[in-house]
Amino acid sequence: VKMIIDETIVDTNEATREDLLKVHTKRYLSSIKWSIAVARVLEIPPVALLPNFIVQLRVLKPLRYQTGATMLVNNCFFCFENSCLCHLLLCNAGELALERGWAINVGGGFHHCSSDSGGGFCAYADLTLLIIDLFTYFSDRIKKVLIVDLDAHQGNGHERDFMHDDRVSIMDMYNRHIYPRDHLAKNAIQCKIELDNQTDDKAYLRLLHNNLKNSLNEFQPDFVVYNAGTDILQGDPLGNLDITPQGVIIRDEIVLSKCIREKHIPIVMCTSGGYQRTNARVIADSILNLYTKKLISCESI
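For the chain, an unreviewed UniProt entry supplies the name Histone deacetylase domain-containing protein and the organism Rotaria magnacalcarata.

Structure (structure tokens):
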């Protein structure tokens with residue numbers, strides 16, 4: 001389909017400390033200068049044993065690039081890495097979505113990180129940063145943002161950040177039986193869909209269709225942030241749901257169709273969690289389906 005050509009490739013930007021301080025506290029950013037603190041945030045104990053310069057260079061720096069890809073940093077367009085779309089990355093997705101109606105960051109979606117706390121593999125609050133930038137730099141156009149979080153896990157990071165902000169509405173569909181079980185953060189969810197273990201395609205897609213339709217109609221957002229985790233796939237060791245690859249493809253098509261085609265609302269999609277070797281292939285197939293259905297296009301710079 002010629003989605004990967006020189007004219008559609010550009011490097012993304014690393015989120016700077018100044019960028020991160022728009023949301024994160026100095027205390028939190030200082031804390032993750034230590035390997036043991038990063039190990040706790042990422043929940044990977046061996047990281048605590050690595051020299052700190054390696055942790056900063058090989059662990060946190062790539063996460064800052066993914067965060068920069070989600071944020072509004074400057075004018076950028078789309079960038080693809082690798083010929084099979086396994087590492088597709090759209091840089092500065094928020095601004096691109098405003099310009100073209102959509103953007104996808106394969107990477108990012110760190111929905112367990114809040115302004116003062118990381119966890120669940122999430123060290124930077126890229127979703128919060130994106131939304132704060134939207135309200136700051138595009139206040140004339142963006143008054144209300146809807147977060148549609150379809151990762152298998154509750155998005156407690158952005159929920160804590162926007163707990164008392166009526167400009168943001170959250171629809172979160174997650175497995176109630178798994179991490180993080182953050183009951184305080186649940187108070188921020190306007191549309192809460194709690195799933196049981198082994199929920200299948202039929203039940204999942206029905207709940208998605210009905211609740212997304214209602215959320216869009218009731219809140220009438222100016223922008224949608226879509227956290228599209230593929231840890232909902234059957235066999236995922238952490239998600240414990242039973243969604244097929246075709247179910248994921250239909251899920252993404254439903255979300256983009258309702259937002260872009262039916263409501264003409266710009267959307268940023270981050271692919272978030274997913275812990276199987278097959279995830280990259282499913283993500284690629286879903287993006288190709290969105291392209292085939294003309295929900296996204298691939299234009300040159």
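Chemist: Sorry if this is basic, but what is going on with the pattern of salt bridges here?
Modeler: Where charged atoms from two side chains of opposite charge come close, those side chains can pair. Applying the stated criterion to the full structure yields 13 salt bridges. The partner of Glu194 in a salt bridge is Arg176, and the shortest N-O contact between them spans 3.7 Å. Within this pair, whereas Glu194 is found in strand E6 (residues 191–195), its partner Arg176 is found in the loop between strand E5 (168–175) and E6, the two being separated by 18 residues in sequence. The exposure class assigned to Glu194 is partly exposed, which follows from its relative accessible area of 24%. Taking the shortest distance from any N to any O, the salt bridge between Glu262 and Lys258 comes out at 3.9 Å.

Chemist: Would you explain the side chain of His158 in this entry?
Modeler: Among the structural elements, His158 can be located in helix H7 (residues 156–161). When its relative accessible area of 1% is taken as the criterion, His158 is described as buried. One polar contact links His158 to Asp149, side chain to side chain, over a distance of 2.8 Å. Ignoring any residue separated from it by four or fewer positions in sequence, one finds His158 in contact with His111, Cys113, Leu127, Thr128, Ile147, Asp149 and Ile170.

Chemist: How should I be thinking about the nonpolar core in this particular structure?
Modeler: Taken as a class, soluble globular proteins show a tendency for nonpolar side chains to be buried jointly. Leu150, Leu208, Tyr226, Val255, Leu256 and Ile267 are the most contacted members of the largest nonpolar core, which totals 41 residues. Each residue touching Val255, except ones within four places of it in the same chain, is listed here: Leu150, Leu208, Leu212, Tyr226 and Ile267. Grouped together as the second largest cluster of nonpolar side chains are 25 residues, Leu127, Ile131, Leu134 and Ile189 included.

Chemist: So what exactly am I meant to see when it comes to the confidence of the model for the chain here?
Modeler: Fine structural detail should not be taken from predicted coordinates in areas where pLDDT scores are low. Taken as a whole, the chain shows an average pLDDT of 90; of its residues, 88% reach a score of 70 or greater. In this model residues 73–91 is a low-confidence stretch, pLDDT under 50, and it forms 71 contacts with partners more than four residues away in sequence or in other chains.

Chemist: Would you mind going over the pairing of strand E7 (residues 223–227) with me for this structure?
Modeler: One face of the sheet, then the other: side chains in a regular strand alternate in exactly this way. With respect to burial, E7 is a largely interior element, 5 of its 5 residues being buried. Taking every second residue as pointing to the same face, both faces of E7 are buried, with Phe223, Val225 and Asn227 on one and Val224 and Tyr226 on the other. In the sheet, strand E4 (residues 145–149) pairs with E7 via 5 bridges, with the strands oriented parallel. Paired with Val145 across the strands is Phe223, a residue of E7.

Chemist: Would you take a moment to explain the packing of helix H8 (residues 201–219) against helix H9 (residues 245–262) for this structure?
Modeler: For any two helices packed against each other, the geometry comes down to the angle between their axes and how far apart the axes lie. Where H8 meets H9, the axes come as close as 11 Å, and the angle between the chain directions of the two elements is 10°. Comparing their axes, H9 and H8 come out roughly parallel. When you trace H8 past H9, the crossing you get is right-handed. Mapping the contact onto sequence places Asp201, Tyr204, Leu205, Leu208, His209, Leu212, Lys213 and Leu216 in H8 and Gly247, Ile250, Arg251, Ile254, Val255, Lys258 and Cys259 in H9. Residue classes in the contact of H8 with H9 are distributed as 9 nonpolar, 2 polar and 4 charged.

Procedures and definitions
Within every chain, residues take consecutive numbers counted from 1 along the sequence as written. Side-chain atom pairs in this predicted model are given and counted only at pLDDT of 80 or more, local residue features only at pLDDT of at least 70, and totals for whole chains, interfaces and linings cover all residues. Neither water nor hydrogens contribute to the side-chain values; these are computed over all heavy atoms in the structure. For this analysis, a salt bridge means a side-chain nitrogen from Lys or Arg found within 4 Å of a carboxyl oxygen belonging to Asp or Glu. Where helices and strands are cited, they refer to DSSP runs of H or I of at least four residues and of E of at least two residues respectively, numbered from the N terminus. For each residue, the accessible area found with a 1.4 Å probe, counting protein chains only, is set against the maximum for its type, and the residue is called buried under 20%, exposed over 50%, and partly exposed in between. Identification of polar contacts relies on pairs of N or O atoms within 3.5 Å, with a donor-acceptor requirement for protein atoms, meaning one able to donate a hydrogen and the other able to accept it, and with residues adjacent in sequence counted only if both atoms are side-chain atoms. Note on contacts: a residue pair qualifies if any of its non-hydrogen atoms lie within 4.5 Å across the two residues. Buried Ala, Val, Leu, Ile, Met, Phe, Trp, Tyr and Cys residues form a nonpolar core when they are joined through side-chain atoms within 4.5 Å. For every residue, the pLDDT score states the predictor's confidence, bounded by 0 at the bottom and 100 at the top. We call two strands paired when DSSP finds no fewer than two bridges between them. Working convention: axes come from line fits to C-alpha atoms, limited for helices to the stretch in contact. Angles between N-to-C directions cover 0 to 180 degrees. Note on angle classes: values under 35 degrees are labelled roughly parallel, values over 145 roughly antiparallel, values of 65 to 115 roughly perpendicular, and the remainder oblique. By convention the crossing between two helices is left-handed if the near helix lies anticlockwise of the far one by an angle smaller than a right angle, and right-handed if it lies clockwise. The residue classification treats Ala, Val, Leu, Ile, Met, Phe, Trp, Tyr, Cys and Pro as nonpolar and Asp, Glu, Lys and Arg as charged. All others, Gly included, are polar.

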